[in-house]
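# Structural description and commentary
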Amino acid sequence: MWKKYVAGLNFKWLPNTIAFIVLLAILFLLEISGILHPLEYRTLDYRVNYWNRNSVPDTNIVCIDIDENSLNFFEEQAIPWPWPREFYAVLLDYFTLAGTKAVVFDIDLSSADIDRIESEAEESEIRFAEAIKNNGGVYLIAILKEDSLTSMNPLDHTNNLNHEFCSELKFTSAIAPRPRLQENSSGVGCVNLIPDSDGQIRRTPLIFKFSGKMIPQISFLLYLKLFLNSGEGADNFPSSLPFDNSRNFLLKYYNYENGESPFEHYSISSAILSGIKIKDGQEPILPLEKFRDKIIFIGATATSLNDIKTAPIAEYNLIPGMELHTTLLSNLIQKDFIKLLPDISKLYLSTILILIVLLSFTFFEKTRYLLLVSIGVYVLFILVALLGFYIYDYLFPIILPSTGMLLAFVYMSVYKFVSEGKQKLELRRTFSRYISKEVVDEILLQRDEIKLGGRKVIATVFFSDIVSFTSFAENLEAEELVRHLNNYFSQASDIILKHKAMLDKYIGDAIMAVFGAPVSTETHAVEACAAALEIKRQMNHKFGGENNSNVSPFITRMGLNTGEMIVGNIGSRLRVDYTAIGDPVNIASRLESMNKIFGTDIIIGQETLKASQNKFEVRELDLIAVKGKKIPLKIYELISEKGLLSHEEEDHKNNFEEGLIHYRNRNWNNALMCFDKAKKIKSNDLSIEIYRKRIINFMDDEPAPDWNGVYYSNVK
């Protein structure tokens with residue numbers, strides 16, 4: 001059975017395999033083109049902003065803001081920006097007293113100070129350099145350039161770092177702090193930030209190439225100096241840091257609730273004034289304890305100083321540049337790493353999802369199942385991606401696999417639509433010859449339930465035959481006979497099709513039809529009986545003598561039977577027909593033939609009567625065992641729709657059925673009396689003559705004690 005099932009699926013494997021290869025090729029091109037990268041960035045932003053369980057930065061990192069209030073305050077004191085370097089000296093002396101762990105000046109200190117009325121530039125810079133030296137933990141920043149035109153000051157403070165983790169970007173010049181300041185500092189790191197294609201800053205190299213040497217990013221320099229035993233060499237380089245394919249470290253931003261920074265911020269004017277107050281023997285505005293063992297970043301937050309960067313922080317995309325560096329440092333200290341899967345994992349995940357879609361379309365025929373499987377798998381994939389980030393900080397690629405799954409679904413939907421279009425055309429061709437258009441449309445709606453290969457159904461079979469057709473045919477020329485027969489078949493078939501039957505075949509002058517197949521219905525017996533009565537009314541007196549008064553009319557005899565049968569395409573490799581086979585079919589044919597014995601037009605079986613929903617007038621005819629069957633079957637004459645019998649027809653039916661009861665109870669005389677009453681009403685009733693003969697025989701030769709009224713028919 002399994003082999004047979006797989007064989008039935010073989011036709012799908014070739015196009016699906018080709019589609020699978022093509023889809024992977026498309027995804028590969030999309031990946032190397034970078035078209036989908038902005039969308040992937042958005043999914044990263046969503047996870048960082050809403051699925052970030054480690055949302056609090058290191059509290060030992062503090063920001064000192066060069067804000068608008070500070071600029072305005074010193075402007076009012078006739079000290080415009082840029083401020084004299086001795087301001088920073090006062091600030092550093094204050095932090096030295098506070099016992100800070102490190103101080104980072106995220107300020108461009110490449111230009112010489114300017115002479116002022118109250119101070120000379122040289123003295124101011126010397127004062128600042130001495131403060132840097134006294135502090136012993138000051139770090140300065142440089143900006144690397146690819147051209148030599150904008151170079152300012154030599155950058156001598158380079159580091160011997162692990163080249164395996166160095167960015168491929170190369171720089172030949174730098175805007176660096178003044179030499180005197182570099183010499184007294186603990187180190188100089190660069191602050192270059194490389195935005196993604198959408199302008200957002202999500203990642204940064206940790207080490208840059210500069211004039212044949214290497215220089216670390218400022219936060220990474222602090223991490224090496226302060227948290228890796230002050231080592232800068234390759235032996236001390238942390239091997240567990242995650243990098244993307246371009247050797248960039250992915251920043252894990254912290255929560256900016258209501259647009260407020262997660263880092264502790266203080267205005268630089270308050271810090272400078274605190275330093276001045278301490279020198280004057282007064283209480284500082286900001287207590288020294290606030291900065292003990294802290295890592296201080298000094299940078300601009302005033303928009304006028306142009307150090308505002310674009311970052312994917314929920315609804316707030318603009319943050320001070322120094323917060324990118326504080327975020328990186330906090331990530332490194334707390335090991336808040338976004339763990340990246342290898343780039344090849346995108347194709348692996350895409351392959352799995354594409355295969356699931358292709359296989360689901362192969363093994364599931366019903367569209368709703370395909371949709372449920374695809375949606376279920378995709379929802380599971382998204383949940384894994386979100387929970388993988390929330391619990392383990394793993395960044396699963398989403399967009400490329402989603403695109404692969406979507407393309408696979410679109411392909412299979414188109415493939416299914418085209419193949420179903422062919423199936424619809426095949427079904428129309430198969431059934432339109434012998435089923436009404438309405439039934440064909442219903443088949444197309446239920447095509448998932450319709451199996452052409454064969455299935456068991458409960459249905460009603462209809463057989464009809466023309467009385468004395470051979471004698472009728474002998475009186476007509478061939479062309480006229482064909483014309484009469486075609487006209488008869490056309491109108492009889494129209495009635496059958498109107499009642500939602502499948503017109504199975506014409507056998508000579510006979511018609512075979514099936515009610516309740518290929519589309520199953522609850523009213524197949526009702527429709528079959530209604531069709532038979534309509535044919536009786538319209539056909540029996542409609543044909544004959546149209547051009548020849550000597551031609552007898554077509555009298556149609558019909559047999560109907562209900563039961564379980566097999567319907568499907570049956571035949572040879574050269575020709576198949578959609579038909580029905582089984583005992584109910586054979587019995588229906590024999591019931592049609594029994595009309596000759598009883599002199600009736602329509603005979604139905606007991607199962608047809610049960611399924612006809614009490615909507616018709618019938619007369620019980622006999623209890624018979626057809627040839628080849630031992631189980632008796634009650635048969636009935638179908639007379640009319642319910643309530644349409646005349647008084648005479650009602651009396652005839654009642655007398656006959658009363659006589660039938662006496663007959664089965666061996667009350668021969670009473671039976672004859674009832675049958676005689678019925679005969680007076682309908683003198684040409686052959687069924688009465690049949691019973692009169694049986695009763696007379698039984699009067700002479702009493703039936704066996706176990707006789708139960710069953711008549712054994714030899715009619716085929």
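Look a little higher up for the structure.
To keep things clear, this report deals only with the structure shown in the data block. Since we're looking at a predicted model, the values are computed, not measured. (Residues numbered from 1 in each chain as written. Predicted model: local features only at pLDDT ≥ 70, side-chain atom pairs only at ≥ 80, totals over all residues. Heavy atoms only, no water.)

On to the side chain of serine 267. Summarising the element assignment, serine 267 is placed in strand S11 (residues 264-267). Residue classification places serine 267 among the buried positions, given a relative accessible area of 18%. Here the side chain of serine 267 touches serine 70 through a polar contact of 2.7 Å, side chain to side chain. When residues no more than four places from it in sequence are discounted, the contact partners of serine 267 are Asp65, Asp67 and Ser70. (Helix = DSSP H or I, 4+ residues; strand = E, 2+ residues; numbered from the N terminus. Buried < 20%, exposed > 50% of the residue type's maximum accessible area, 1.4 Å probe, protein only. Polar contact = N/O pair within 3.5 Å; in protein donor to acceptor, adjacent residues only side chain to side chain. Contact = heavy atoms within 4.5 Å.)

Together, Glu86, Asp115, Glu118, Glu120 and Glu123 make up a negatively charged patch on the protein surface. In this fold, aspartate 115 is placed in the loop between strand S2 (102-106) and helix H5 (121-135). Exposure remark for aspartate 115: the relative accessible area of 60% places this residue in the exposed category. (Patch = residues over 30% accessible without salt bridge, like charges linked within 9 Å, V, L, I, M, F, W, Y side chains within 5 Å. Areas by Shrake-Rupley, 256 points an atom, 1.4 Å probe, with all protein chains shown as cover. Salt bridge = Lys/Arg side-chain N within 4 Å of Asp/Glu carboxyl O. Lys, Arg positive; Asp, Glu negative; His and termini not counted. Charge placed at Lys NZ, Arg CZ, Asp CG, Glu CD.)

Let's shift gears to the sheet that holds strand S9 (residues 213-216). Reading across from one edge, S4-S8-S9 is the order of the 3 strands in this open sheet, with mixed pairing throughout. If you trace the sheet from one side to the other, it starts and ends with strand S4 (170-171) and S9, each paired once. As paired elements, S4 and strand S8 (residues 207-210) share 2 bridges and run parallel to each other. Bridge pairing links lysine 170 to lysine 209 in S8. (Pairing = 2+ DSSP bridges.)

Turning our attention to the environment of glycine 605. As for its position among the elements, glycine 605 is in strand S22 (residues 602-605). In the structure, glycine 605 is positioned 43 residues away from threonine 562 in sequence and 7.0 Å away in space, judged by C-alpha atoms. Excluding residues within four positions of it along the chain, glycine 605 makes contact with Leu560, Asn561, Leu591, Lys634 and Tyr636.

This brings us to the pattern of salt bridges. According to the stated counting rule, one finds 33 salt bridges in the structure shown. Where aspartate 45 meets arginine 202, a salt bridge forms, and the shortest distance between an N and an O atom there is 2.8 Å. Linking aspartate 45 in helix H2 (residues 37-50) with arginine 202 in the loop between strand S6 (187-190) and strand S7 (203-205), this pair joins segments that are 157 residues apart in sequence. Judged on exposure class, the residue aspartate 45 and its partner arginine 202 are both buried. In this structure, the salt-bridge partner of aspartate 685 is arginine 619, at a minimum N-O distance of 3.0 Å. One end of the pair, aspartate 685, is in the loop between helix H20 (668-681) and helix H21 (686-700); the other, arginine 619, is in strand S23 (residues 616-625), with 66 residues separating them in the sequence. Accessibility assignment for this pair places aspartate 685 and arginine 619 in one class, buried. Taken together, the shared-partner salt bridges connect Arg42, Asp45, Asp196, Asp198, Arg202, Arg203 and Asp244 into one network.

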